[in-house]
Amino acid sequence: MPNNKKKKPGRERGKSWTLLVHGARPALEQPAPVNPPISRASTYLHRTVADMRDTERRRAAGERVKAYGRRGTDTGFLLEDLLVELEGGHGARLTSCGLAANTLVFQTYLRPGDRVLVGDSVYGPVRKFVTKYLPAFGIAYELVATNADEIAAKLTRETKLIYLECPGSTLFELTDLPRVVSIARANGALVAVDNTWGSALLYNPIRLGADISILSATKYLAGHSDVLLGAVVANEHAWPALNEMAELVGASCASEDAYLVLRGLRTLAVRLNEHARQAGALIEWFRKQPFTAKVYYPALADHPDHAIWKRDFSGSCGLFSVEFTGVTPTQVEAFVDALELFGIGSSWGGFESLARVEDVASLRTVSSRPAGPLVRFHAGFEAVDDLIRDLESATRVLGEGAR
Ligand SMILES: *Cc1c(COP(=O)(O)O)cnc(C)c1O
């Protein structure tokens, strides 16, 4: 088996770019369309009762077979395989949305009496699931700051899972994942990472030793704000349990949605590069404004975890947050309202620019929160001069002192 730990993820990049174009394209009799057909099915027909029994036996043994559409169709299987290859995993299961992928991981690996450490920087709805659902099932959780020392200090014998998001939602804190993995291994705990930001291309947690990588394909993978889909990719050790739980709870997605994600993946690499370039220009503008207290973006040299980003990531994307100073939250809301090209909305990863005013008080429990009002921006593909003109024009509502 190749030793993936010695390989730098950055060096994988060239290979991944080719994989995005040539992967998930089955050999069909030529001439054939470039893209695979969309396969739709609930029922799969078998020639004989014995054939059907054979399919069911193989399915019960954990094999991926066409037995019933809930388990997936050829379209979904192609997407699973491509994500497994990109992430360096063993198997993948698709879900109706990213959040369903997140919660599937907790359901799979935790039982009453277990304990889970959850990064304080996780996606808000995941935090809600953890705090509302887990205690009712006798599972203890602790929200932890995402640096390796904090995590090491909180680990107990009952800790079965360390669940992180890297970078964290909204403030983009990073974790020294290889260190966390070695701490977890010594303790017999699994490590799961929400890799939505890294999009299976910029970051590969499993290649760094994690057991599970979770993706909201709704974001950059699909890339066009028109589909919801999630995926859990597992290494060989974590795979059988995940595969079984996905069967038990009926984790599933529509073939059309899997197809849209496959189509999005073809251009993922170029889109991410362009999102990052656009974000860079907007961040440069924000950093010159007197009302900017701080820009949160891991690719910036002054990001506290920048060294980890340089070591473990092969690139960046279009998502960043701006903390304001010297202006009131009401003025910041008026600033966002005054923007014409930035849509006001949740989610991100589409072709369009977005702005979202964040509820700073609810962002973190044990780690530090920004002092001033915070807006998360997503840099889309509009002409960057137009975006900057839009931002400049909106500053009129911030008052003289902030201009
Ligand atoms: C959006 C998001 C999710 C949830 O994805 P949906 O497809 O919207 O359910 C999970 N994790 C992160 C980090 C996200 O940004």
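The structure presented is a predicted model; accordingly, all values stated were derived computationally and were not measured. (Residues numbered from 1 in each chain as written. Predicted model: local features only at pLDDT ≥ 70, side-chain atom pairs only at ≥ 80, totals over all residues. Heavy atoms only, no water.)

### Some remarks on the domain arrangement of the protein
To be explicit about the condition: For each domain, the first and last residues come from an automatic or database assignment. Whether two residues are in contact is decided by their heavy atoms: any pair within 4.5 Å suffices. When two parts are brought into contact, each loses some accessible area as probed by a 1.4 Å sphere; the total of that loss over both is the buried area.
Segmenting the protein into domains produces domain 1 (13–265) and domain 2 (268–402). In this structure, domain 1 and domain 2 have C-alpha centres spaced 28 Å apart. Across the contact, 39 residues belong to domain 1 and 42 residues belong to domain 2. Buried area between domain 1 and domain 2, both sides added, is near 3500 Å², and the carbon and sulfur share of it is 62%. If you sort the residues of domain 1 by the area they bury against domain 2, Leu171, Trp197 and Tyr220 come out on top, with a joint share of 23%.

### Description of the environment of Gly88
Note the threshold: Strands here mean DSSP runs of E at least two residues long; helices mean DSSP runs of H or I at least four residues long; both are numbered from the N terminus.
Of note, Gly88 is situated in the loop between helix H3 (74–87) and strand S1 (91–95). Setting aside anything within four residues of it in sequence, one finds Gly88 in contact with Ile206 and Arg207.

### Some remarks on the site of the ligand
Just so we agree on the cut-off: Here, proximity means that at least one heavy atom of the residue falls within 4 Å of the molecule or strand. Here a polar contact is taken to be a pair of N or O atoms separated by no more than 3.5 Å, where protein atoms must pair a possible hydrogen donor with a possible acceptor and residues adjacent in sequence count only if both atoms sit in side chains. Side-chain classes are defined by residue name, with Ala, Val, Leu, Ile, Met, Phe, Trp, Tyr, Cys and Pro counting as nonpolar, Asp, Glu, Lys and Arg as charged, and the others, Gly among them, as polar.
Close to the ligand lie 13 residues, the nearest being Gly98, Asp194, Ser216, Thr218 and Lys219. In this structure, an oxygen atom belonging to the ligand sits 2.9 Å away from a main-chain N or O atom of Leu99. Contact between the ligand and Asp194: a nitrogen atom at 2.7 Å from a side-chain N or O atom of the residue. Here the element with the most residues in the shell around the ligand is helix H4 (residues 98–109); it accounts for three residues. For the shell around the ligand, a count of residues per class yields five nonpolar, five polar and three charged.

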